[in-house]
Amino acid sequence: MEIISSTYHLPLVLLSIIIAIIDSFAALDLGIRINKAKGFARFIWLFGGAFAMGMGIWSMHFIAMLAFHLSIPVTYNLTWVIVSIIPAIISSGVALHIVSRPSLGTASVILGSLFIATGIVSMHYIGMEAMEMGASIEYNPFLWVLSVIIAFFASLIALYLLFDVSQNPKTPRIWWRKAGSALIMGIAISSMHYTGMAAAKFKPHHHQLSLSGPTFDSTLLAYSIGIGMLIILGLVFISTFIEKRFESQSIESERKFRSVIESANDAIILADSKGAIISWNKGAQFIFGHQDKEVLGKKLQIIIPERFREAHQKGMERYLSTGEPRVIGKTVELQGLRKDGDEFPIELSLATWQEEGNFYFSSIIRDITERKQAEEKINQMVYRDHLTGLPNRHLLNDRLTQALDQANENKHIIGIMFIDLDRFKFVNDTLGHAVGDHLLIEVAKRIQACVGKMDTVCRQGGDEFIVLLPNTTSEDVTKSAQKIVDLFSHTIVLNEDEMFVTPSIGIALYPSDGRDIETLIKNADTAMYRVKEQGKNSFQFYTPDMNEMVSKKMQVEIGLRKALKRDEFMIHYQPQVDVNSGELIGLEALIRWQHPEWGTISPADFIPLAEETGLIIPIGEWVLYEACLQNKSWQNKGFPPVRIAVNISSRQFQQSNLVGMVSKTLKETGLDSKYLELELTESIIQDSKHAISTMHQLKEMGIHLSIDDFGTGYSSLSYLKTFPIDTLKIDQTFTSNIFTDLKDASLVDTIINMAHNLDLKVIAEGVETLEQLHFLQQRQCNEAQGYFFSRPISAEEMSTVFKEQFLSKIQ
């Protein structure tokens, strides 16, 4: 049978191949764009890319058909031409969709290649059916099958090349890879077309067929389609170029933003709605200890302590479901978890944003360990005692205010214990402040051990402590106070030194003893002073009558401060006589206070207060000066010279200028030092180092030294051989009981014998009866004083005594 001859228009063949290659290059660019795009933008790029790529494949096919010339007239059915475009677009869309996936499985590649090949083959042979001519087409089965195989492998190659380029857009020399891939794809697609054309044989009809379609210049149409397609592909390239520019600018902005993030000392962490970490800067690496590769993709739980993880997860779920921003947009303080398992305080600022329907969270986290330590240090300075670490008055007031509010609402009782240490000043003065500080630390520990966890032990200052017992009862307060007293019955050992201090505890209860902080503490303090007055080392609850005593005490103190200026003090003198001869050998100077309103005030009422307030120092200096001046005055009048005895208090003796003050007094009054006797108490000489030095200086001046109230103190008898003492003075409590208490009589006898054995004189005070005097004479006591001889009398009366004694001697 006759076969219609055919020829190809070579320029159009080349044009078709060029379009195939350019279209393949555009498809590679489109694959990259689609792979990077998300959401609706991805859909636009996929749809537009499928159209452009499909039209490119179709135009290559149609131009190649127009390049094919038969020896008979040929026209094309427009409907079939349009229908042939559809498979090209669909197959292009499938190809672009497959290569935009994160991974490319073998099964999906094969199925995709089959589908794309089917589309291309369908496009080609539908296009062949669009030819209208006076001939029929027969296909060579071998070449037809070969064209299908070429179409499949062309699709397979195209998919792999498209996927490789789209997944590796930043590979070095990517442009050359794209060009090579486009060339391979273009030739493969063209090979399929021309193999399919070679499979077709055109046989003329026996009857003449009239063509219904319009006649046209096929060459001109081919060039027109080619130019149009090149314009379309040019628009694709322009679009991808513009997109690249935007992407480049976005990348540059992101790079700058990333550099800022990476340079931040704070941790900046981004996470998705599931809590998976998608960004981890160097600040986060430094703070939490994890490298970015160790945490990317993992949950935020990795930096959250286990006990907080459930609450964190519920918080995220609540926000995602309700949109209620409880923490979003705020700065909160939480606990973080380092890689090594250590927990530490953090400050978190949390924000969120929505992108393409998904929620993302950004966290700015700061390690506030140093800040917390600084705050704790400031808190320690402001609210804690620097020595013991106990709450100070500021913190006590805060806690007491809270306790009062709760007690007022719940009708509870609050206990306040005011604790003052007995004999602490002696320890501080004798052993030094360093030992005193260590003692206070140990005392704080003991007090804390006696109270509950909800109670507050506060150091008020010095050796004063306050204990707050909220929601308590009077029985519980009593038990706690007794426990403290009992615990301090044991000595405290510091650096092998054994010390003994006792507590005096005053107690006030809310609401019976006060309804505010100041009143409660004041009344507890008042009760504490009552304990001091009654012997110390105990506790006592506040009673209203205590205020009257405190008020009186304050009035006495105020009057005492004015007494010196108003010349309200006077000195009485009690004679000291030789026990055997009855001769006046000395006087003891005793202070008296004559108040203009209250009358005569006993020394027992104001001397302890003067000791406590420090007023004893100026008062003692006044007594010493007046006594020396009066003694010198009697000597100037010609009376027989006697020694004047002046009591020196412990606070006076501790003054560094005591020796200088005594020397100055003797110089100003003109009294010879041998006529001055200083009476010292046992408590004065317990600080042996200071006492020895001071006493030797006084002794070198020629001053007579005696120990007053001997036997009533706590000192060792060893000082009797160490200190330069002249006389022991037996306390009147022993003297008054020598005939009623055999032990007191034995003590007096022992003291006299011991003093004589040590070459010391003995004077007994409080002698009131002749029997007592005979007892002392029999025991060879040297001197005595008391009401049996004379009560303390004024200087004028004493002058009369001197005159009578002087006259009796003359007669």
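Placed above this text is the structure.
Values in this document were obtained by computation on a predicted structure and should not be read as measured data. (Residues numbered from 1 in each chain as written. Predicted model: local features only at pLDDT ≥ 70, side-chain atom pairs only at ≥ 80, totals over all residues. Heavy atoms only, no water.)

Asker: Before we move on, could you go through the pattern of salt bridges and cite the residues and values that matter?
Answerer: All told, the structure shown has 20 salt bridges when counted by the stated rule. A salt bridge links E568 to R566; its shortest N-O distance comes to 4.0 Å. The salt bridge partner of K664 is E668, with a shortest N-O separation of 4.0 Å. With K664 and E668 both in helix α21 (residues 658-669) and four residues apart, this pair spans about one turn of that helix. When its relative accessible area of 53% is taken as the criterion, K664 is described as exposed. Owing to a relative accessible area of 47%, E668 belongs among the partly exposed residues under this scheme. A network of salt bridges, in which partner residues are shared, links E333, E347, R371 and K372. (Salt bridge = Lys/Arg side-chain N within 4 Å of Asp/Glu carboxyl O. Helix = DSSP H or I, 4+ residues; strand = E, 2+ residues; numbered from the N terminus. Buried < 20%, exposed > 50% of the residue type's maximum accessible area, 1.4 Å probe, protein only.)

Asker: Break down the packing of helix α19 (residues 616-636) against α21 for me, with residues and values.
Answerer: Running from N to C, α19 and α21 cross one another at 30°; their axes reach a closest spacing of 9 Å. Once α19 is placed against α21, the crossing between them reads as right-handed. Contacts between α19 and α21 involve E621, L624, Y625, C628, L629 and K632 from the first element and M661, V662, T665, L666, E668 and T669 from the second. The residue makeup of the contact of α19 with α21, split by class, is seven nonpolar, two polar and three charged. (Axes fitted to C-alpha atoms, helices over the stretch in contact; angles between N-to-C directions. Left-handed = near helix turned anticlockwise from the far one by under 90°. Contact = heavy atoms within 4.5 Å. Nonpolar A, V, L, I, M, F, W, Y, C, P; charged D, E, K, R; others polar.)

Asker: For helix α18 (residues 603-613), give the residues involved together with the corresponding values.
Answerer: Three or more residues of α18 are buried, namely F606, L609 and A610. Down the axis, α18 shows its buried residues gathered within 105° of arc, on one side only. Taken from the residues just after α18, G614 is the one with a positive phi, measuring 90°. (Arc of directions from axis to C-beta.)

Asker: Could you give an account of the sheet that holds strand β14 (residues 464-472), naming the residues involved and the relevant values?
Answerer: Taken in spatial order, the five strands make up an open sheet running β13-β14-β12-β17-β18, and their pairing is mixed. Lying at the two open borders of the sheet, with one neighbouring strand each, are β13 (456-461) and β18 (538-541). Across the sheet, the mean angle from the axis of one strand to that of its neighbour is 20°, orientation sign disregarded. The pairing of strand β12 (residues 413-422) with β14 spans seven bridges and is antiparallel. Within the sheet, the bridge partner assigned to G415 lies in β14 and is L469. The strands touched by helix α14 (residues 433-449) are β12, β13 and β14; relative to β14, the strand with the most contacts, the crossing angle is about 15°. (Pairing = 2+ DSSP bridges.)

Nothing here speaks to function; it is geometry throughout.
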